[in-house]
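This is what each chain is made of:
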Amino acid sequence: QVQLVESGGGLVQPGGSLRLSCAASGIIFSMYNMGWYRQAPGKQREFVASITVGGLTNFADSVKGRFTISRVNAKNMVYLQMNSLRPEDTAVYYCSAGRGWPKPSDYWGQGTQVTVSS
């Protein structure tokens with residue numbers, strides 16, 4: 001059974017930083033591209049960032065230069081470092097795993113809430 005478990009969300013002030021983590025199990029992690037998506041209230045889920053098995057990355061224009069994505073294959077972990085956060089980054093953030101590129105989406109986590117507010 002595939003499980004993707006996100007953590008690290010919370011409340012942060014504008015300009016602040018958060019690091020999201022995603023722990024994967026039930027898949028051969030080193031064979032899957034990994035991604036992060038987000039869904040704000042009343043909006044559709046949107047792509048945020050992704051990373052290939054080999055470390056190639058891809059980002060949505062809205063987060064380029066502010067967010068970074070990384071993975072540690074030996075730990076079955078993927079991370080999203082979010083800097084210079086803005087109120088419009090407020091959303092539920094979802095981890096994904098997939099064989100596709102640049103938007104892997106075969107499997108999904110349950111999500112973690114990120115709220116950017118003063």
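Given the structure is predicted, the values throughout are model-derived calculations rather than measurements. (Residues numbered from 1 in each chain as written. Predicted model: local features only at pLDDT ≥ 70, side-chain atom pairs only at ≥ 80, totals over all residues. Heavy atoms only, no water.)

**Student:** Looking at this model, I keep getting lost on the nonpolar core. Mind explaining?
**Tutor:** A general tendency of soluble globular proteins is for nonpolar side chains to be buried together. In this structure, Met 34, Trp 36, Val 78, Leu 80, Met 82 and Tyr 93 are the most contacted members of the largest nonpolar core, which totals 31 residues. Among the secondary structure elements, those contributing two or more residues to this core are β3 (18-25), β4 (33-39), β5 (46-51), β7 (67-72), β8 (77-82), β9 (91-98) and β11 (112-116). Apart from the residues within four sequence positions on either side, Tyr 93 is in contact with Glu 6, Leu 20, Trp 36, Tyr 37, Arg 38, Val 48, Phe 67, Leu 80, Met 82, Gly 111, Thr 112 and Val 114. (Core = buried A, V, L, I, M, F, W, Y, C linked by side-chain atoms within 4.5 Å. Buried < 20%, exposed > 50% of the residue type's maximum accessible area, 1.4 Å probe, protein only. Helix = DSSP H or I, 4+ residues; strand = E, 2+ residues; numbered from the N terminus. Contact = heavy atoms within 4.5 Å.)

**Student:** For this particular structure, what's the right way to read the pairing of β4?
**Tutor:** It is a general feature of regular strands that their side chains alternate between the two faces of the sheet. Burial runs high along β4: six of the seven residues are buried. Across seven bridges, the pairing between β4 and β9 is antiparallel. Within β9, the residue paired with Met 34 across the bridge is Ala 97. The pairing of β4 with β5 spans five bridges and is antiparallel. Residue pairing across strands places Met 34 opposite Ile 51, the latter belonging to β5. Connecting β4 to the next strand, β5, in antiparallel fashion are six residues, including Gly 42 with a positive phi near 75°. (Pairing = 2+ DSSP bridges.)

**Student:** It is not clear to me how the side chain of Glu 6 should be interpreted in this structure. Could you clarify?
**Tutor:** Mapped onto the secondary structure, Glu 6 falls in strand β1 (residues 3-7). Buried Glu 6, no salt bridge; nearest opposite-charge side chain is Arg 45, N-O distance 7.5 Å. A polar side-chain atom of Glu 6 sits 2.8 Å from the main-chain amide nitrogen of Cys 95. (Lys, Arg positive; Asp, Glu negative; His and termini not counted. Salt bridge = Lys/Arg side-chain N within 4 Å of Asp/Glu carboxyl O. Polar contact = N/O pair within 3.5 Å; in protein donor to acceptor, adjacent residues only side chain to side chain.)

**Student:** Would you mind showing me how to read the state of the cysteines here?
**Tutor:** Here a disulfide denotes one covalent bond, and it connects the sulfur atoms of two cysteines. Under the criterion given, the structure shown has one disulfide. Put simply, Cys 22 and Cys 95 are joined by a disulfide, and their sulfur atoms are 2.1 Å apart. Across the S-S bond linking Cys 22 and Cys 95, the dihedral sits near -80°, which makes this disulfide left-handed. With a gap of 73 residues between them, Cys 22 in strand β3 and Cys 95 in strand β9 connect regions that are remote in the sequence. (Disulfide = S-S within 2.5 Å.)

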